[in-house]
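Notes for the structure review
Residue strings, one per chain:
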Amino acid sequence: SEMKRDVVRIKVFYWKRGFRETQVDTVVTDRGKDKVAVDFNIVEGPPTLVSALDVVQTQPVLTEQEIPRRVVLTVGTPLNLLRVDTTVVLLQQSLWDKGYADAVVDTTITLDAAGRSGAIQISLDPKLKTTIGEILIEGEDKVSERTLRKSLTMTPGEVFRRAELLRSQRALYESNLFRRAAIEVPIQSDSSKIIVVTVQEAPLREARMSVGFNTVDFFQTEARFTHYNFLGGAKRLELQGVVGNLLAGSLNGRFIFRDLTDNVGSDRARYFAPTYNLSANLRKPWFLSHANELALGIFAHRRSAPGIYVDRGYGLR
C-alpha cells in the first residue's frame, strides 16, 4: 500500500513542476530471506509550458519595473506551480511593503491540453491602505512595557508595512531581552490593524568565568558579567576582567613552563607581577532614533613582555 502511495507522490512531484503526463512504473524483485528490491521507472513525458503570463492591477500600485523583478516564471518554461506560488507571495509582500496589507493576489490558469500549454493571469487587488491602530503587548514581566514599545520600530497611526514589522521583530531579538518574540496580526476586516506582540523574556543577567594556563602567561583567569536591562530601558552593562601571569614566580622554569630568569635578571618582581585587563561598558540603544546607540566605557590594563617592557594604561571612551 505504501509503495502505491509512493507512485502517487512521484507523480504529484512532477505535476507540480509542470510535467503533467509523467508515468511511473514499479518492478519488484525477490532477493530472498524476506527481502525485495524495488525499482521506480519514471518517464517524465513532455512538459506543459507557459504560453502567456499577464499581471493585472486594479490600481497602479506596483510600477512596470517592480513587477518583472517579482515574477519568477517566464513564457516558454514549464508550468511550475511552485514558482507560481512564489510569484504570488513576492507580489503580495511588495504590496504590503507599500502599506497594502489586505491586498489580494489571485491566479487564473487556462490550460490547453492539446497544445500542452497554459496561460497564467495574476490579478492584484491592493484594496485600502492599512495603518497601525493599536499595539497590544503580551508576556512581559520584568521588562517594562515602555521598554518593549521603544524596541519596536513601528508606532500607532503609521502606515502598516511588512518591512517595519520584520525590523521590529529583529530589534526585539537583538536586545537579548527575549527568548521568543512573535508579532502577529489577527484577521481583521478593518484597514486599521491591531497588532499583537507576544514575548517570552530571557534571563536579564549573564555571568561567565574561566581559568586556564599556557607556557607563556602561566595561569590566567577571566570573568564576564552582562546585565541586559541595567536600570531599565534595555541599557546594557558589560563588565570584563582578565588577570594573567598568576604564580609566575613559583612556576618559572618548572614543569612545562619556560624559564624567564635570563630575560628578567633582577627585575623578577616587576615582570612576574600579575597582568590584567579590566573594562566596563554601558550601552544605551535608541539614542534619538533606532539607528543610533550611545556608548560609554572605561578600561585599565597592565601588560608585560619579560625583559622587554611593562605597559600600563587606562582611559575613557
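Report on the accompanying structure.

Reading guide: rules and limits
- Residues numbered from 1 in each chain as written.
- Predicted model: local features only at pLDDT ≥ 70, side-chain atom pairs only at ≥ 80, totals over all residues.
- Heavy atoms only, no water.
- Helix = DSSP H or I, 4+ residues; strand = E, 2+ residues; numbered from the N terminus.
- Rg over C-alpha atoms; globule rule 2.2 N^0.38 Å.
- Buried < 20%, exposed > 50% of the residue type's maximum accessible area, 1.4 Å probe, protein only.
- Contact = heavy atoms within 4.5 Å.
- Areas by Shrake-Rupley, 256 points an atom, 1.4 Å probe, with all protein chains shown as cover.
- Lys, Arg positive; Asp, Glu negative; His and termini not counted.
- Charge placed at Lys NZ, Arg CZ, Asp CG, Glu CD.
- Phe/Tyr/Trp six-rings, centres within 6.5 Å; stacked < 30°, edge-to-face > 60°.
- Core = buried A, V, L, I, M, F, W, Y, C linked by side-chain atoms within 4.5 Å.

Quick look at the overall build of the protein chain now. When helices and strands are tallied, the protein chain shows eight helices and 14 strands. Since a compact globule built from 317 residues should have a radius of gyration of about 20 Å, the 33 Å found for the protein chain marks it as more spread out than a globular shape. Along the first, second and third principal axes, the C-alpha atoms of the protein chain reach 100 × 70 × 40 Å. Burial status across the protein chain gives 32% buried among its 317 residues. For the protein chain, the share of sequence-separated contacts (at least 6 apart) that also reach a separation of at least 24 residues comes to 55%. Accessible surface, the protein chain as shown: approximately 19,200 Å² in total, 53% of it carbon and sulfur. Distance between charge centroids for the protein chain: 6 Å, based on 43 positive and 37 negative side chains.

On inspection of all chains with the given rule, the structure shows four aromatic pairs. For the ring pair W96 and F160, a centre distance of 5.3 Å and an interplane angle of 70° mean the geometry is edge-to-face. With W96 in helix α3 (residues 81-97) and F160 in the loop between α4 (145-151) and α5 (162-174), this residue pair connects regions lying 64 residues apart in the sequence. The class for F160 is buried, based on a relative accessible area of 1%. Between F213 and F219, the aromatic rings sit 5.4 Å apart at their centres with planes inclined by 40°, giving tilted as the arrangement. We classify F213 as partly exposed; its relative accessible area is 49%.

So, about the nonpolar core. Nonpolar side chains in soluble globular proteins tend to be buried together. Counting 21 residues, the largest nonpolar core has I135, L172, I183, I195 and V197 as its most contacted members. In contact with V197, other than residues within four places in its own chain, are I135, L136, I137, E138, L148, L152, L172, A182 and I183. Listed in part, the 17 residues of the second largest apolar core include L73, V88, L91 and I120.

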